[in-house]
Structure formats: structure tokens, C-alpha cells
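# Observations on the three-dimensional arrangement
These are the residues of each chain, in order.
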Amino acid sequence: MIEDRNAATAQGRPTLLDVDAVKMVYSSAHRTVEALGGVRFTVGDGEFVCIVGPSGAGKTTLLKCISGLLRPTGGTVRLEGTEVKAPPQAMALVFQDYARSLFPWMTVEANVELPLKQAGMARRQRRDLISSALADVGLTDVGSAYPWQLSGGMQQRVAIARAIAYRPRILVMDEPFAAVDAQTRADLEDLVRDLWHKLGVTVLFVTHDIDEAIYLGERVLALSASPTVVMDDIAIDLPDARDQIGTRSLSRFGELRKELYGQIQRARHTSG
Amino acid sequence: MRVLSRFLYAVALPCLLALGWWFASRGSQNFFFPPLSGILSAFADVWFSAKIVEDVLPSVLRLASGYLIAAGMGLALGVPIGLSTRLRAYVEPVLEFLRAIPPPVLVPILILFAGIGTTMKLMVIVSGCLWPVLLNTIEGVRGLDETLGATTRAYRFTRRGRLVHFILPGAAPLIFAGLRQSLSIGIILMVISEMFAASNGIGFTIVQFQRSFAIPEMWSGIILLGLVGFIFASVLGFVERRVLHWYFGLRAAERNDT
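- If you check an unreviewed UniProt entry, chain B appears there as ABC transporter permease from Pararhizobium mangrovi.
- According to the UniProt record, the Sequence similarities (unreviewed entry) comment for chain B is "Belongs to the binding-protein-dependent transport system permease family."
- Of the comments in the UniProt record for chain B, the one headed Subcellular location (unreviewed entry) reads "Cell membrane".

- Under an unreviewed UniProt entry, the name given to chain A is ABC transporter ATP-binding protein, and the source organism is Pararhizobium mangrovi.
- You can read under Sequence similarities (unreviewed entry) in the UniProt record for chain A the words "Belongs to the ABC transporter superfamily."

In C-alpha cells, the structure reads:
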């Protein structure tokens, strides 16, 4: 099992997400800005792929195109072979700004339930999914609390519970832990790894933190500065069982870190 | 215990003011400022009678229905206008102009079109109550959080789901601010519409008393108006606390954070 994960890259598994030469050009009367300059990569079924890039690298724009919230001006995004033109049912999103992605007028349970209700799911099935999703993220007894009564880390757990209760094929996370403190962040990182193992869901995780990308991913894509392209695609050949102290002190971790860091630095210089 | 002390806080000042009025006016010989004791006994004589059905009820019903019509129209128009940048650009100057017209000046014109019946009085109330609700709804919908909006799209909410679970609750704090402004305008317009041309109503009765120099009775009508306004505001406050309890909790949580 462990060797299996390590050996696997996109080539080893059927393609789930295919991002094909995605371009995004914003044009106004005075100037045109090319945010995405033909981004191209694939994500295999069941993979954990991290995307790192310098700030201002159009990471959020790219995610909006992938999730169907924004139509790219060129290229296509395909999920399970079908072109993404609107947010697909097989995808769930976790935003960076947890405080603004949960509905403050609903309890935790209602927040997790609403997307299922909107999909027309029966009440019994909803109940089951809510309780197992909340248990999976370690929040069994706050179902009737409001999001703003919880800490930041717990709010982000609720957002993750909402995403996994939706039963997506792919979980897309946009810098989800950028706004929480270091200890909470480590806990949440391990939670996402655990969920990935347990649920077999594909994860596309965007971050600006190189260490986080290496610690979490099976593969790391490094983005250039805008107009954004994928500069590098690195397989993370670390053991599958990861822990915050052990994994981060491996010499291989340091080598990968150095390699990626160099890439990102180069990206910043070419932009400046 | 806390409920009791809050109740005592709430009634302390009104009691003091009433007592002050009672003693200051006691033995007053001024025809226009009769003793409070006289006003209160007139209050019982005048209003605890058939007048409750003949005058108070019609006024209250007109106010309630005019107010509810205005609130419904404000929401129905405000949501689409708030959602569309283009629509806003078209209608906002017109709305600001219409809002600036004081509704009482419309009364003579409305009488020409709608006569002096209930329709005219409702139109006067609606013409004043509409604007605070409408403009606040537009503002509330316009200011909805983008991340929450993206969430509703990413999770494929239906149109109805977006309206019920996102747009209306998200705009609710401002909508209620508008509803509160509208209520005070509505009470003023209820009285004004009855002073121009009417055969019943609290406003009509007050004017009748004033013209026939029944001064304690006139004062009792003014007190009744205050009470009606107070009751309407309490009902609205009750609804607001139920609907917006999350908002008050969120605000308190944010204050504790900083």
C-alpha cells in the first residue's frame, strides 16, 4: 500500500482532472492583463496534488477556472472527461476565508446540511452524512452551535465537513490554513491527510507555503508569476505515513524543499 | 432576577416622566394644558368605548396593511435591483428623486386619483414607507459577501435556495433597519392621511376634538398614538430579535475578539 502511493503519479492512475492550456486574460479599455498564460496539468484519480506559487501568481484565478466559477478565456478544464462550464457536482470547495464561507445565520449542522438539501437528498441520508462528516473532522458535539461561536480552526473543520459530506470525487482547497495559528494548522494538515486516506477522495490543495505543499502532497506543481504557467511538477517521494516532526526532519524533505524554493525564487525574479 | 431588573430599568423613566407630568399639571388652570388626571379620565371615557372598533381599529388596520404592502414591495423590488449592477445604474437616480418627495404633499394629488377612501390612505402610507425598506434592501443585497456567493454557486444552490438561504438572511440586518425607519414614517402618514379627509380613525378623532375644544380628549388621543406606535415598534423588535439573533451574537463575538 505504501509503495503503491509512492510510486503513483498521474501516469499511474486514470486522469480525473485535466487542465488543458487554460488562459485567463482580463481586458479593459486601457490595458489587458494576462493572468493565466496556458496552465496545463492533470490530476489522477485519488491523487493528492499541491499547487504552490508566489503571491500574485493567479492561484485563486486558476482555482476559480477549475471549479467552474469563472470561464477561462482560453483552453478547457475537464473533470471525469466532461468539460467544466459550471461548478460540477463531483467537486467540493474549501475557501481560505472560512469565516466568510460559512453561513453565520445557520448552525454548524445546517451549514453542512444545506448543500445536500439543495441537491434534493432525503432527510435520513442527510442525517447520516452530516453526523459521519462531523465525526470525521472531530466535531461531534458542536452541531447546534453557530460558526461564530467556534475558533478559526474549528470553523475551517466545519467547512471541510461540509465539503466531504457532499461526497465529491475531488476536494479543491484554496489556501485553507493560511489564516490559522501554527499548531492548529499542523492539526488540520494531518486531518486532511487522514481524510484523504480514509475517503479515497482526490485532493487539489493550493498553498503559498512550500513546506506545507511538500508535507501534504504526493506531487507538487510550482506555478510561475503571472502570466501563470506550471513551471515544475515534482513527485514527492517521501514515505506515505507522515508526521509533523519525523517527516519534516528527513533529509529528503530538505532536498525537496531546496529544489522547490529555488524554482519559486526564479519565478519571482523572472516576474520582477 | 435579571429579567426583573431589566423590566424595572425599562419602566423607571416612563414612570418618572408620568409622575412629573402629574404633579406639574396638578391644579393647572390653563385651558390648553389640563391636569393629567383629567386627561387620563378622558382617556378611559373616550377610548374604552365603541371608538376602539370605530376609530382605533380602522387606523391600526390601515397602518398595518399599508406597512406590510410597502415592506413586500420593498423586498420584491429591492432584491433584483440589488443583484444587478446594470439595473441599479438605471433606477438609482430615480429612486433618490422619488424618495426626496415628502409624502404629505402627495395627499391632495392622491385624493384626486383615488378619492378619500381607504385606497387613498393606504397609498399615502405605502408612498412613505416604501423608500427606507427598498433602499436598505438594495444596499443589503448589494453588500452580500462574495465568498458566500461563490459558496452557493460552488455547491450548486437552486435559485430559490440562493434567495431563501443566502440573499434574504444576508441582507436581513439592513432590511430590518429599513423596516424600523418605515414604521415611524408609517405612523406619521397614518395620522396625516386621516387629517385631510376622513370619517374615522385616530387622526380624524384628534382633529375633531381639537376643533370642538375638547382639550383633555385631544390629549388622550395623542397619548393613544404614542401607545400605538410603541406597540408596533415592540412587535417589530420582537420579530427582529428572533430573525436576527445570529447577527447580534456574531456582533458580540466580534467585539470580544478585538
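## A word on the confidence of the model for chain A
- With 94% of its residues at a pLDDT of 70 or more, chain A has an overall mean of 89.
- Low pLDDT (under 50) marks residues 1-10 of chain A, which in the prediction has 18 contacts with non-local residues, meaning those over four places away or in another chain.

## Side note on the layout of surface pockets
- Counted as a void, the largest pocket has a volume near 630 Å³.
- Lining the largest pocket are 28 residues, and of these B:Asp145, B:Glu146, B:Thr147, B:Gly149 and B:Ala150 sit closest to its centre.
- Residue assignment for the lining of the largest pocket shows that the elements contributing at least two residues are α2 (59-66), β6 (91-94) and β7 (170-174) of chain A together with α3 (51-83), α4 (85-100), α6 (118-142), α7 (146-154) and α8 (159-196) of chain B.
- Examining the composition of the lining of the largest pocket, we find that 5 residues originate from one element, α7(B), more than from any other.

## Regarding the packing of α3(B) against helix α9 (residues 202-211) of chain B
Residue and element names in this part refer to chain B.
- One can describe the packing of α3 onto α9 by two numbers: an axis separation of 7 Å at closest approach and a directional angle of 120°. With respect to each other, α3 and α9 are oriented oblique. Together, Lys-51, Asp-55, Val-56 and Ser-59 of α3 and Ile-202, Phe-204, Thr-205 and Phe-209 of α9 make up the contact between the two elements.
- Each residue belonging to the contact of α3 with α9 can be placed in one class, and the counts come to 4 nonpolar, 2 polar and 2 charged.

## Points about the pairing of β6(A)
All names here are of chain A.
- Here β6 shows no split at all, with Met-91 and Leu-93 on one side and Ala-92 and Val-94 on the other all buried.
- In terms of strand pairing, β6 meets β7 through 4 bridges, oriented parallel. When the sheet's bridge partners are listed, Ala-92 is paired in β7 with Leu-171.

## What to know about the packing of aromatic side chains
- By the definition in use, this model includes 15 aromatic pairs over all chains.
- Judged by centre distance (5.3 Å) and plane angle (15°), the rings of A:Tyr146 and A:Trp148 are stacked.
- Exposure remark for A:Trp148: the relative accessible area of 16% places this residue in the buried category.
- Summarising the aromatic geometry, the rings of B:Phe31 and B:Phe32 are spaced 5.3 Å apart at their centres and angled 85° between planes, so their arrangement reads as edge-to-face.
- Residue B:Phe31 is classed as partly exposed on the basis of its relative accessible area, which comes to 46%.
- Cation over ring: A:Arg248 sits above A:Tyr215, and NZ or CZ is 4.7 Å from the ring centre.

## So, the domain arrangement of chain A
Residue and element names in this part refer to chain A.
- The domains assigned to chain A are domain 1 (15-90 + 169-270) and domain 2 (101-167).
- For domain 1 versus domain 2, the separation of C-alpha centres amounts to 25 Å.
- Every contact between the two is made by 15 residues of domain 1 and, on the other side, 12 residues of domain 2.
- Buried area between domain 1 and domain 2, both sides added, is near 1,100 Å², and the carbon and sulfur share of it is 68%.
- Among the residues of domain 1 in contact with domain 2, Gln-89, Leu-191 and Leu-195 are the three that bury the most area, contributing 36% of the side total.
- For Lys-198, the salt bridge is made with Asp-136, and the minimal N-O distance between the two is 2.3 Å.
- Taken together, domain 1 and domain 2 are joined by 2 residue pairs in polar contact (both at pLDDT 80 or more).

## Details of the side chain of A:Asp174
Residues and elements named next belong to chain A.
- With respect to the helices and strands, Asp-174 occurs in strand β7.
- It turns out Asp-174 is buried and unbridged, and the closest side chain with the opposite charge, Lys-59, is 7.3 Å from it.
- Those residues in contact with Asp-174 that sit more than four places away from it in its chain are Thr-60, Leu-63, Val-94, Phe-95, Gln-96 and Val-206.

## A word on the UniProt feature "transmembrane region" (unreviewed entry) in chain B
- The feature "transmembrane region" (unreviewed entry), as given by UniProt, occupies residues 7-25, 60-85, 105-134, 163-179, 185-207 and 219-239 of chain B in the numbering adopted here.
- Helix makes up 100% of residues 7-25 of chain B and strand 0%. Its end C-alpha atoms lie 27 Å apart.

## Some points on helix α6 (residues 182-199) of chain A
Residues and elements named next belong to chain A.
- Look at α6: 26 Å from first C-alpha to last across 18 residues, which is about the 26 Å you get at 1.5 Å a residue.
- For α6, the set of buried residues is Arg-185, Ala-186, Leu-188, Glu-189, Leu-191, Val-192, Arg-193, Leu-195 and Trp-196.
- Downstream of α6 by one or two residues, Gly-200 has phi in the positive range, about 65°.

## Considerations on the interface of chain A and chain B
- Taken together, the contact pairs 24 residues of chain A with 22 residues of chain B.
- Across the chain A to chain B interface the summed buried area is about 2,300 Å²; carbon plus sulfur atoms make up 66%.
- Contact with chain B buries surface across chain A, with A:Trp105, A:Gln118 and A:Trp148 losing the most and accounting together for 32% of the total.
- The tally of links from chain A across to chain B stands at 1 salt bridge.

## Observations regarding a nonpolar patch on the surface
- Side chains of B:Phe230, B:Ile231, B:Val235, B:Phe238, B:Val239 and B:Val243 sit close together on the surface and give an oily, nonpolar patch of about 570 Å² of accessible area.
- Tracing the sequence through the fold places B:Ile231 in helix α10 (residues 215-243).

## Some words on the pattern of salt bridges
Residues and elements named next belong to chain A.
- For the coordinates displayed, the defined rule picks out 29 salt bridges over all chains.
- For the salt bridge of Asp-237 with Arg-252, the shortest nitrogen-to-oxygen distance reads 2.7 Å. Linking Asp-237 in the loop between β10 (230-235) and α8 (244-248) with Arg-252 in helix α9 (residues 251-271), this pair joins segments that are 15 residues apart in sequence.
- Taking the relative accessible area as the measure of exposure, Arg-252 reaches 28% and is therefore partly exposed.
- Bridged by salt links that share partners, the residues Arg-185, Glu-189, Asp-209, Glu-212 and Arg-248 form one connected network.

## Regarding the sheet that holds strand β5 (residues 82-83) of chain A
Residues and elements named next belong to chain A.
- Reading across from one edge, β2-β1-β4-β5 is the order of the 4 strands in this open sheet, with antiparallel pairing throughout. Unpaired on one side and paired on the other, β2 (32-44) and β5 mark the two borders of the sheet.
- Alignment of strand β1 (residues 15-27) against strand β4 (residues 74-79), held across 5 bridges, turns out to be antiparallel. Of the residues in β4, the one forming a bridge with Asp-18 is Arg-78.
- Packing of α2 onto the sheet brings it into contact with β1, β2 and β4, and relative to β2 it is tilted by some 60°.

What counts, and where the lines are drawn
- Residues numbered from 1 in each chain as written.
- Chains lettered and ligands numbered in written order.
- Predicted model: local features only at pLDDT ≥ 70, side-chain atom pairs only at ≥ 80, totals over all residues.
- Heavy atoms only, no water.
- UniProt positions renumbered as here; feature names shortened; annotations may be inferred.
- pLDDT = per-residue confidence, 0-100.
- Contact = heavy atoms within 4.5 Å.
- 1 Å grid on protein atoms, 1.4 Å probe; cavity = no way out; pocket = protein on both sides within 12 Å on 5 of 7 lines; lining within 4 Å.
- Points joined across faces, edges and corners; volume = space filled by probe spheres on them.
- Helix = DSSP H or I, 4+ residues; strand = E, 2+ residues; numbered from the N terminus.
- Axes fitted to C-alpha atoms, helices over the stretch in contact; angles between N-to-C directions.
- Parallel < 35°, antiparallel > 145°, perpendicular 65-115°, else oblique.
- Nonpolar A, V, L, I, M, F, W, Y, C, P; charged D, E, K, R; others polar.
- Buried < 20%, exposed > 50% of the residue type's maximum accessible area, 1.4 Å probe, protein only.
- Pairing = 2+ DSSP bridges.
- Phe/Tyr/Trp six-rings, centres within 6.5 Å; stacked < 30°, edge-to-face > 60°.
- Lys NZ or Arg CZ within 6 Å of the ring centre and 35° of its normal.
- Domains from an automatic or database assignment.
- Buried area = accessible area lost by both parts, 1.4 Å probe.
- Salt bridge = Lys/Arg side-chain N within 4 Å of Asp/Glu carboxyl O.
- Polar contact = N/O pair within 3.5 Å; in protein donor to acceptor, adjacent residues only side chain to side chain.
- Lys, Arg positive; Asp, Glu negative; His and termini not counted.
- Expected span 1.5 Å × (residues − 1).
- Patch = residues over 30% accessible without salt bridge, like charges linked within 9 Å, V, L, I, M, F, W, Y side chains within 5 Å.
- Areas by Shrake-Rupley, 256 points an atom, 1.4 Å probe, with all protein chains shown as cover.

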